[in-house]
Amino acid sequence: MSTLTADPPTTRTSRRSPVVVRTARWSALHPWRAIALWLVFVATCAFVGGAVGLRTQSDQQGLHGQSAQAAQWLHGAGLDQPDTEDVLITARSGNLDHAAALRAAADVTRRLTGLPEVSHVATPVTSPDGSAVLVEASLTTGASAGRLLDATAATQVSSPALRVEEVGSASFDDAVNHQVAQDLAAAATLSLPVTLIIMILAFGAVVAAGVPVLLALSAVGAATGLSSLVSHVLPDSGSTSSMILLMGMAVGVDYSLFYVTRARAERRRGLSPLAAVEVAAATSGHAVVVSGAAVITSMAGLFLATDMTFASLAAGSIIVVAVAVVGSLTVLPALLVTLGGRIDRLRVPFLGRERTPRLWPALLRPVVAHPGRSLVAAVVVLGALAVPALGLRLAADSPRSLPTSIAETHALARLTAAFPGTTTTHDVVVTAPAADAAQVTGRLHTLAATVRSDPSFVAGTASYASSPGGAVQVLRVDAPYDPESAGAKDGVRTLRSAEGAVTQGIAGAHVAVGGETAADMDTDAHLSERLPWVVAGVVLVTMLIMAWVFGSVAISLVTAAANLLSAGAAFGVLALVFGHHWFDGVLGYTSTGTVINWIPLFTFAVLFGLSMDYHVFVLSRVREAARTGVPARQAVRDGVAGSAGTVTSAALVMVSVFAIFASLHMVEMKELGLGLAVAVLVDALVVRT
């Protein structure tokens, strides 16, 4: 480590040096110790995560309003409906051979009856039009669909002339989890070579390119393990691992890129590895800390939504960003000093050479000369992109939004067509003193008779259930509509408008209408109510951070306005792409005309944080130039042009990772990936100029 003793005295840190610089110097002076500690940290996180396992959200934890209350009462009284799996038997072509279908139904009934996961198998039912036979199996609590699917597959083998398929909540969960696992593996497989190629183009050397990729991967691995531990406090939403990979690859590579680029530049100026690391820590390292703090606080704004799904996604994102920041400040300086000049090994010809920037100075010249006109032009363009967001329609995640690669979606469509009214059920749950049980039962019978002629419900489908003693009772009514349809929502409103008639004159009686449609409506209402709080919280915190770091209220206001314009443009593109069928073939999905309801709010928080990467890095370079005494306009030119290569490479990494997610099967990943890719492009190209 002889190079470490050759630093000029001015590079040595003191107790008054920023913590970032002191941390970098310690890691640089003890590189192998720092690297070993990082490896131990990552391995420990992965081991602990695997040991404690992942705790997922229950059905009740993701609910709000009346539907949440109804679910809690039903669960407490043991009246929750058991999960069911439906085995649908139809003809592959032409008319159904009813005798053959009944034999297949008897066969699958026999196979299902002997399984411990099955509590009851109903008598086979033929559809009204005779096109299908249905066998419904009720599951025991917490049962999976694995062996039921095997039984259905065995019946299919023995009845090749028929189509025998299974669909239900458990089989849907298994299919979705399998698809998500495949998508995540594909995203990781694709993002690694793409990111590495961009890094090679940026650095011109394979070794230098590999450092940011390795740090990002280790951050994702550690954060995944930590998120499993945190899931025992904030249960996992099911999409948290996707968010960790998405955010980890994006910010992990970006932070390392900023740091490594500055350290290499200082080395080329003649500084030793240690001195270069200290300068990089004082400049790019400081920007990384500020950017990381901005992302973390922006994601923390999602806790204001008071929603378990958002809390889980926010926690996963915060963890991976924090780990990436810590890695950039500790193990990265150690790697840079250990590698020394070897970081430029395996050079690629014609790449990585320092060139005088031409493009960005040319773009900036008219902007700096005519800032007012440029600002108006940018606002007009981004405003035009944002206009379609006014027509953005939101809907809850449902089987309709699942990709057609999941076979159960086709089975559900055939089931709904053959047995209309079997997919949507409304629950009217009443809790009252046990002494009034008979009166409550009478009121529920009256309600059932009242809605019998209403087209929002299926006549004759009302069913009743009661807890021992009658303190909790439920009336279940089927609706002949898709859960997300306007007809199903009208049914919920009708039932809720009759709540007073059910409880009138009964002291201590309370009623709540639940079910899938009610849950979606309550979630939409809850998000609409919390949206202003989340937006205000994220914007305010972002402004405070920028004002504190740069000592300028004007900069904080400009940053907030620019981020709002980027968000508006991203939401406008989401409305155009997913609200119509124009890009179905390109993105490989079928549009439902809506965007999943949690995507805009989550995207808003993410892009507000991520855009700080570029704002902080560019403004830091501008301030650095201004401190040398050059005029303000020249400082802007020098800061933006001097950071152009690094910021462009960072933006390419983010856009590439997000675009890969937009190519996956799950629609929420497509929407999230496209929205963030557009926002980063707008931020890096238009807003930066």
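Described below are features of the structure shown in this document. (Residues numbered from 1 in each chain as written. Predicted model: local features only at pLDDT ≥ 70, side-chain atom pairs only at ≥ 80, totals over all residues. Heavy atoms only, no water.)

1. Considerations on the packing of helix 3 (residues 65-76) against helix 18 (residues 516-550)
Stated formally: Inter-axis angles, ranging from 0 to 180 degrees, are taken between N-to-C directions of lines fitted to C-alpha atoms, where helices are fitted over the stretch in contact. We count a stretch as a helix when DSSP gives it H or I for four or more residues in a row; a strand needs E for two or more, and each element gets its number in order from the N terminus. Just so you know how the angles are binned, under 35 degrees is roughly parallel, over 145 roughly antiparallel, 65 to 115 roughly perpendicular, and the rest oblique. Contacts are assigned to residue pairs that have any heavy atoms within 4.5 Å of one another. Three classes are used: nonpolar for Ala, Val, Leu, Ile, Met, Phe, Trp, Tyr, Cys and Pro, charged for Asp, Glu, Lys and Arg, and polar for all others, with Gly counted as polar.
Axis separation between helix 3 and helix 18 bottoms out at 7 Å; the angle between their running directions is 135°. Considering the angle they form, helix 3 stands oblique to helix 18. Two secondary-structure elements touch here, helix 3 through Gly65, Gln66 and Ser67 and helix 18 through Ala518, Ala519 and Asp522. Broken down by class, the residue content of the contact of helix 3 with helix 18 amounts to 2 nonpolar, 3 polar and 1 charged.

2. Focus on the pairing of strand 9 (residues 472-479)
Our working rule: Think of it in three bands: residues with accessible area under 20% of the maximum for their type are buried, residues over 50% are exposed, and the middle band is partly exposed, with areas taken using a 1.4 Å probe on protein chains only. Should DSSP find at least two bridges between two strands, the strands are taken to pair.
Of all 8 residues in strand 9, 8 are buried, a share of seventy percent or more. By the alternation rule, side chains of strand 9 split into Val472, Val474, Arg476 and Asp478 and Gln473, Leu475, Val477 and Ala479, which are all buried. What sits between the antiparallel neighbours strand 8 (residues 463-466) and strand 9 is a turn of 5 residues, in which glycine 469 has the positive phi angle 95°.

3. Side note on helix 5 (residues 146-158)
Given 3.6 residues per helical turn, the α-helix brings residues three or four places apart onto the same face. Just so we agree on the cut-off: Here the expected length of a helix is defined as 1.5 Å per residue gap, with one fewer gap than residues. The arc refers to the directions leading from the helix axis to the C-beta atoms.
Across its 13 residues, helix 5 extends 19 Å between first and last C-alpha, which sits within 8% of the 18 Å expected from 1.5 Å per residue. Taken together, the buried positions of helix 5 are occupied by Leu148, Ala151, Thr152, Thr155 and Gln156. Around the axis of helix 5, the buried residues are gathered within 145° of arc, so they sit on the same side. Opposite the packed face of helix 5, turned more than 90 degrees from it, sit the exposed residues Asp150 and Val157. At its buried positions, helix 5 is contacted by strand 1 (84-91), helix 4 (98-113), strand 2 (118-121), strand 4 (132-139) and strand 5 (162-168).

4. Observations regarding the sheet that holds strand 9
Pairing in this open sheet of 4 strands is antiparallel, and the strands run 8-9-7-10 from one edge to the other. A single partner strand is all that each edge strand has here, and the edge strands are strand 8 and strand 10 (510-515). Mean inter-strand twist for the sheet, computed between neighbouring axes without regard to direction, equals 20°. With 4 bridges joining them, strand 8 and strand 9 adopt antiparallel strand pairing.

5. A look at the side chain of glutamate 499
Spelled out, the test is: Charge assignment in this entry is limited to Lys and Arg as positive and Asp and Glu as negative, and neither His nor the chain termini are counted. Each salt bridge in this description consists of a side-chain nitrogen of Lys or Arg and a carboxyl oxygen of Asp or Glu lying within 4 Å of one another. Definition of a polar contact: a pair of N or O atoms within 3.5 Å, with one able to donate and the other able to accept a hydrogen when the atoms are protein atoms, and with sequence-neighbouring residues admitted only if both atoms are side-chain atoms.
For glutamate 499, the position within the fold is in helix 17 (residues 499-503). Of the side chains with opposite charge, arginine 496 comes closest to the buried, unpaired glutamate 499, at an N-O distance of 4.5 Å. Within the structure, glutamate 499 has its side chain in polar contact with the side chain of glutamine 66 (distance 2.9 Å). Once residues lying within four places of it in the same chain are set aside, the contact partners of glutamate 499 are Gln66, Val511 and Val513.

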